[in-house]
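Structure assessment
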Amino acid sequence: MKNCDYQQIDPKVVPTYASPSHIGTRGPRRVRRKWEVFPGKNRFYCGGRIMMAQQSGVLPLTLGLILVTTGLFFIFDCPFLVKHLSSCVPVIGAVLFVFVFITLLQTSFSDPGILPRATLEEAANVERQIDSSGNSSYRPPPRTKEVLINQQMVKLKYCFTCKMFRPPRTSHCSLCDNCVERFDHHCPWVGNCVGKRNYRFFYTFIVSLSFLTSFIFGCVSTHLAMRAQGGRGLVFALQESPGSAVELVICFFSVWSILGLSGFHTYLVASNMTTNEDIKGSWSGKSGDVATNPFSHRNVFVNCCSVLCAPLPPSLIDRRGILPVEEESAQMCHADIQLPANKNQRNMCSQGTKGLLESAALSPLLSTSCPQGKAQAALLGPERHSAADSEPSLQFSKGCRAQHSAGSQGNTSSTRHTHHKSHSKKHKQAALNISNPTCPDSAPSSKDGGHRRATFTQPLETSLCDGR
Amino acid sequence: MAETHSLQDLRQQAAVAAKVFIQRDYTNGTLCQFQTKFPSELETRIDKQQFEETVRTLNNLYAEAEKLGSQSYIEGCLACLTAYTIFLCMETHYEKVLKKIAKYIQEQNDKVYAPRGLLLTDPIERGLRVIEITIFEDRSLTQ
């Protein structure tokens, strides 16, 4: 299992016009692809064709439950029902199972609609525009920008990790550390974010799963009822077909939650809303503004078609694109001069992109996201894993919704979270006698976001102490 | 993505003076549209009409890619019936239009922008966030 090895990109050699022919002339060098240097916390397999979140969540459990239940169904119930009822029972079961399995894999393994992070020049351009409207001293870009969408004011937030103003309906997933377009939620059952590109796969998955569980539940009940006929009793029937008991239990508990989830998402599709917007109440007008959903087509049929039948947008992250050669050589240098550069990395992180460009001459190592944050996030993996895992167990019957609220909490606090990281780094820098401007938004960061940030604090401190 | 156009080899000899970014226009929702406002840095290099025409054509092409018509509905329903496995075999409508867009941008670069010392970068390489226009130093480079 290959994990992403995050590498830095040298900004001095902006790789816009390199031709692949150069790769051959420079001697024997393995062709590297863009997924290998992807800054988000994702895992890639099969040469970048398959991608998942860093933690698989409970995907193995989901797969296991589906396979076990369907397997028991075919072994225990189908022979009896084919003989006594109809031979199309296993056919229907097989079709539903294939649908469920394929759409689950598609949801888990595809790009949910990740927005690639802004290039250095873009980020500097944004900051320059904001600086030019204000005073000459550096301050971080304002966090929101208002745009008029279908005669309604919508706020666009600035993402400090991706260094850009997020398009509408885009949210930053703190678990995957990516901005995802039309972000719905991060689903631990599927082990991936659900966004613009894989929402239709997710919706088909839960609808076909609700059909499958209802179908199996119905068949098992019929089977046991038929066996218990003639006064022989349910216990006798269960003794004859023990697998049916397992199926009955699994299906009974899952059918309600899956049906509920399907119903909820059908409502979201019909009103062209995302789970994230529904939970945050973006269009419910609770803030007192006259807020209707500006993205809704005001017609249920058109909404459904636009969400489920619209042309599938392409993946924007170009996972299998070949990495230009200049970036490769920069990464070779990076390996040699890792340690002394780290100090400058931390310094640059808090100064922002403007400082990065100005001090480009001092250090060859820059990236559009906080390099220290990435390394720490990798170390924080276990902590986040425990935080993410605790949520599903708390509200088992509510399925994905548990993670929705945690996810959205994480999203709303993501910008503060990034600030918090750089704020903690500030303490370390003070110790190292590197001066650094204050992060202005640190004050409100202590309020919400709860335990998630608490779990980050200690590992952050310890990871920084690890002699980096 | 690396490009092998001969224009790029020429461009490697010229120095980059500045980069202009044309941002997205969200007034019609999340459709991919770019602002047609003429940036001040390009005033000396290209005329407004030409620039606006390029951006408007690009906007029309992106609108065509994302259009909700009967064809996209049929494609969507068919895809749903096959559990979306046809996406693995078939090129989607969006990808077909993206190829058209790439061709259009290359053609514009050859005919209009390169002679003026400018270069358009395909927005797909910037995650459909911006149209990046690179301004090269004016060393009277002629094609």
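A quick note: this is a predicted structure, and the numbers were derived from the prediction, not measured.

Looking at the overall build of chain A
Tallying secondary structure elements over chain A gives 17 helices and ten strands in all. Each of the 468 residues in chain A was classed as buried or not, and the buried ones make up 55%. A separation threshold of at least 6 residues defines the contact pool for chain A, and within that pool the share at least 24 residues apart is 71%. When the accessible surface of chain A is totalled, it reaches about 19,800 Å², and 62% of it is carbon and sulfur.

Brief notes about the UniProt feature "domain: Golgin subfamily A member 7/ERF4" (unreviewed entry) in chain B
Mapped onto the present numbering, the UniProt feature "domain: Golgin subfamily A member 7/ERF4" (unreviewed entry) falls on residues 20-132 of chain B. Summarising residues 20-132 of chain B: 49% helix, 8% strand, and an end-to-end C-alpha distance of 6 Å.

Digging into the domain arrangement of chain A
Many descriptions give the size of an interface as the accessible area lost when the pieces come together. All names here are of chain A. The domain boundaries assigned to chain A delineate domain 1 (43-115 + 183-325) and domain 2 (117-166). On a C-alpha basis, the centroid separation for the pair domain 1 and domain 2 is 38 Å. Between domain 1 and domain 2 the total buried area reaches about 520 Å² when both faces are included, carbon and sulfur atoms providing 56% of it. Taken together, domain 1 and domain 2 are joined by zero salt bridges.

Brief notes about the UniProt feature "domain: Palmitoyltransferase DHHC" (unreviewed entry) in chain A
Sequence positions flagged by UniProt for "domain: Palmitoyltransferase DHHC" (unreviewed entry) are, in local numbering, residues 155-280 of chain A. Helix and strand shares over residues 155-280 of chain A are 56% and 15% respectively, and the end C-alpha atoms of the span are 14 Å apart.

A word on a nonpolar patch on the surface
Residue and element names in this part refer to chain A. Together, V249, F252, F253 and W256 give the surface a local cluster of nonpolar side chains, amounting to about 470 Å² of exposed area. Looking at the secondary structure, you find F252 in helix 7 (residues 242-270). By relative accessible area, which is 39% here, F252 ends up partly exposed.

Examining the pairing of strand 1 (residues 42-45) of chain A
Residues and elements named next belong to chain A. Burial along strand 1 is two-sided: N42 and F44 and R43 and Y45, pointing in opposite directions, are all buried. By the bridge criterion, four bridges tie strand 1 to strand 2 (residues 50-53) in an arrangement that is antiparallel. Residue F44 lies in a different strand from strand 2, and its bridge partner there is M51. Counted along the chain from strand 1 to the antiparallel partner strand 2, the turn is four residues long, and its residue C46 has a positive phi close to 55°.

Some points on the UniProt feature "transmembrane region" (unreviewed entry) in chain A
Look at the UniProt record and you will see "transmembrane region" (unreviewed entry) annotated at residues 58-76, 82-105, 201-225 and 245-270 of chain A. As annotated, residues 201-225 of chain A comprises 100% helix and 0% strand, and the C-alpha atoms at either end are separated by 35 Å.

Considerations on the interface of chain B and chain A
With 42 residues of chain B at the contact, the number on the chain A side is 44 residues. Together, the buried faces of chain B and chain A total about 3,600 Å²; carbon and sulfur atoms form 64% of this surface. When the area that chain B buries against chain A is broken down by residue, the three leading residues are Y26, Y84 and R129 of chain B, summing to 19%. Inspection of the region where chain B meets chain A yields two salt bridges.

Procedures and definitions
Residues numbered from 1 in each chain as written. Chains lettered and ligands numbered in written order. Predicted model: local features only at pLDDT ≥ 70, side-chain atom pairs only at ≥ 80, totals over all residues. Heavy atoms only, no water. Helix = DSSP H or I, 4+ residues; strand = E, 2+ residues; numbered from the N terminus. Buried < 20%, exposed > 50% of the residue type's maximum accessible area, 1.4 Å probe, protein only. Contact = heavy atoms within 4.5 Å. Areas by Shrake-Rupley, 256 points an atom, 1.4 Å probe, with all protein chains shown as cover. UniProt positions renumbered as here; feature names shortened; annotations may be inferred. Domains from an automatic or database assignment. Buried area = accessible area lost by both parts, 1.4 Å probe. Salt bridge = Lys/Arg side-chain N within 4 Å of Asp/Glu carboxyl O. Patch = residues over 30% accessible without salt bridge, like charges linked within 9 Å, V, L, I, M, F, W, Y side chains within 5 Å. Pairing = 2+ DSSP bridges.

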